[in-house]
Amino acid sequence: MSKLEGSVVIVTGGSRGIGEAIIRRLAHEGATVHATYNASSASADAIAAELTAAGFSVRFHQLDVRDGAACQRFVETVLAESSRIDGLVNNAGITRDTLLLRMSESDWDEVIATNLRSVFTMTKAVLRPMLAQRQGRIVNISSVVGITGNAGQANYAASKAGVIAFTKSAARELASRNILVNCIAPGYIETDMTGKLTDQQRQALLQSVPLGRAGTGDDVAAVVAFLLSEDARYITGQTIAVDGGMVMLP
Ligand code: NDP
């Protein structure tokens, strides 16, 4: 049997990149997936049409994760349609990279609202159904930059470090209710987000990857599927780096 047969899982930011790979993987593992997009409606429609035609259960919803009330309404819609929520994958994220002297308050606020506050609002929104079901899994997508820091990414690194600390706190608070909360810290994954890098930046990054290649969305999606599965039943509060060895956690 597929690992996630019968599970209902929410994935934010499923219209491109890592999120798209996650929804494809979870659908293949048998989950009913409620994915969100913000602006990429054409891509979301195409992915949903393809996966539905192949017999998978994938539905896209428009959601700006910066809007807390909209997050709450979205979760109510998922409950109305699927009656339960077994997993939440907080994947949506943005960068607004620039050096500190040039970083505006809006560069800071946009990144914190999209990457960190949304993790709080989405987690809070799914808690009631997960508590009622006496089980739940939450997987947050952080970044290795949230562990190491990075010049030009003070806003992004702070948001991703916040996601790691949020994960640990939520894991401690919710463990007794059988709600497991974990985090993935991807390294250099080829998506639109990293497509903005110059060739020089790309080469420098690759030199810091012991496995010698950039990661793919599928590399991250495989770990998400594991953390949502019964096989990960004794893991909570952890950050797993999916980075080809870039950052080796103690
Ligand atoms: P992409 O830029 O390729 O995709 C970002 C996704 O987030 C899109 O689906 C986008 O939706 C969605 N999104 C952006 N803003 C919002 C918003 N306000 N509300 C809802 N959805 C939104 O990024 P990646 O796939 O590369 O990144 C996915 C996650 O992985 C992010 O959290 C990122 O920080 C993290 N990560 C990525 C790494 C990499 O190397 N690529 C490394 C480490 C971490 P839409 O298409 O509709 O705009």
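Details of the structure are given in the entry above.
Cut-offs and rules
Residues numbered from 1 in each chain as written. Predicted model: local features only at pLDDT ≥ 70, side-chain atom pairs only at ≥ 80, totals over all residues. Heavy atoms only, no water. Helix = DSSP H or I, 4+ residues; strand = E, 2+ residues; numbered from the N terminus. Buried < 20%, exposed > 50% of the residue type's maximum accessible area, 1.4 Å probe, protein only. Contact = heavy atoms within 4.5 Å. Salt bridge = Lys/Arg side-chain N within 4 Å of Asp/Glu carboxyl O. Near = heavy atom within 4 Å. Polar contact = N/O pair within 3.5 Å; in protein donor to acceptor, adjacent residues only side chain to side chain. Areas by Shrake-Rupley, 256 points an atom, 1.4 Å probe, with all protein chains shown as cover. Nonpolar A, V, L, I, M, F, W, Y, C, P; charged D, E, K, R; others polar. Pairing = 2+ DSSP bridges. Axes fitted to C-alpha atoms, helices over the stretch in contact; angles between N-to-C directions. Core = buried A, V, L, I, M, F, W, Y, C linked by side-chain atoms within 4.5 Å.

Quick look at the side chain of Ser 15 now. Along the chain, Ser 15 turns up in the loop between strand E1 (8–11) and helix H1 (17–28). Note on Ser 15: relative accessible area 8%, which makes it buried. Excluding anything up to four places from it in sequence, Ser 15 contacts Glu 20, Thr 36, Tyr 37, Ser 40, Ser 43, Ala 44, Ile 47 and Phe 60.

Turning next to the pattern of salt bridges. One pass over the full model with this rule turns up eleven salt bridges. The salt bridge partner of Arg 24 is Glu 50, with a shortest N-O separation of 2.9 Å. Of the two residues, Arg 24 sits in helix H1 while Glu 50 sits in helix H2 (residues 41–53), which places them 26 residues apart along the sequence. Note that Asp 219 is salt-bridged to Arg 213, the shortest N-O span being 2.9 Å.

On to the side chain of His 61. Mapped onto the elements of the fold, His 61 is located in strand E3 (residues 57–62). Not counting chain neighbours up to four residues away, the residues in contact with His 61 comprise His 34, Ala 35, Thr 36, Tyr 37, Phe 74, Thr 77, Val 78 and Glu 81.

Our next topic: the site of the ligand. What surrounds the ligand is a group of 32 residues, the closest being Asn 38, Ala 39, Ser 40, Tyr 156 and Thr 191. Asn 38 is positioned such that a nitrogen or oxygen atom in its backbone is 2.7 Å from an oxygen atom of the ligand. Separating a nitrogen atom of the ligand from a backbone N or O atom of Val 65 is a distance of 2.9 Å. The fraction of the free accessible surface of the ligand (900 Å²) that becomes covered by protein chains is 95%. Sorting elements by how many residues they give to the shell around the ligand places helix H7 (residues 192–195) first, with three residues. Residue classes in the shell around the ligand are distributed as 13 nonpolar, 14 polar and five charged.

Pairing is parallel across the open sheet formed by seven strands, whose spatial order is E3-E2-E1-E4-E5-E6-E7. Looking at the sheet topology across the chains shown, the edges are occupied by E3 and strand E7 (239–242). Along the sheet, successive strands turn relative to each other by an average axial angle of 20°, direction set aside. Where strand E2 (residues 32–37) and E3 come together, six bridges link them in parallel fashion. Each residue of the ladder has a partner; that of Val 33, found in E3, is Val 58. On the sheet, helix H3 (residues 68–82) packs against E1, E2 and E3 and is oriented at approximately 155° with respect to E2. This element, helix H9 (residues 217–228), spans E1, strand E4 (87–90), strand E5 (136–141), strand E6 (179–186) and E7 of the sheet and lies at about 155° to E5.

A separate point is the environment of Asn 91. Position of Asn 91 relative to the elements: it lies in the loop between E4 and helix H4 (105–133). With a relative accessible area of 11%, Asn 91 lands in the buried category. The spacing of Asn 91 and Thr 12 is 79 residues in sequence and 5.3 Å in space, taken between C-alpha atoms. Excluding residues within four positions of it along the chain, Asn 91 makes contact with Thr 12, Gly 13, Ile 18, Gly 19, Ile 22 and Ile 141. For Asn 91, the side chain forms a polar contact with the main-chain oxygen of Gly 13, separated by 2.8 Å.

Attention shifts here to the nonpolar core. Core analysis: the largest hydrophobic core is formed by 33 residues, its most contacted members being Ile 22, Leu 26, Phe 60, Val 89, Ile 184 and Val 224. Elements with a minimum of two residues in this core: E1, H1, E2, H2, E3, E5 and H9. With seven residues, H9 is the largest single contributor of residues to this core. Core analysis: the second largest hydrophobic core is formed by 23 residues, Val 75, Ala 92, Ala 125 and Leu 174 among them.

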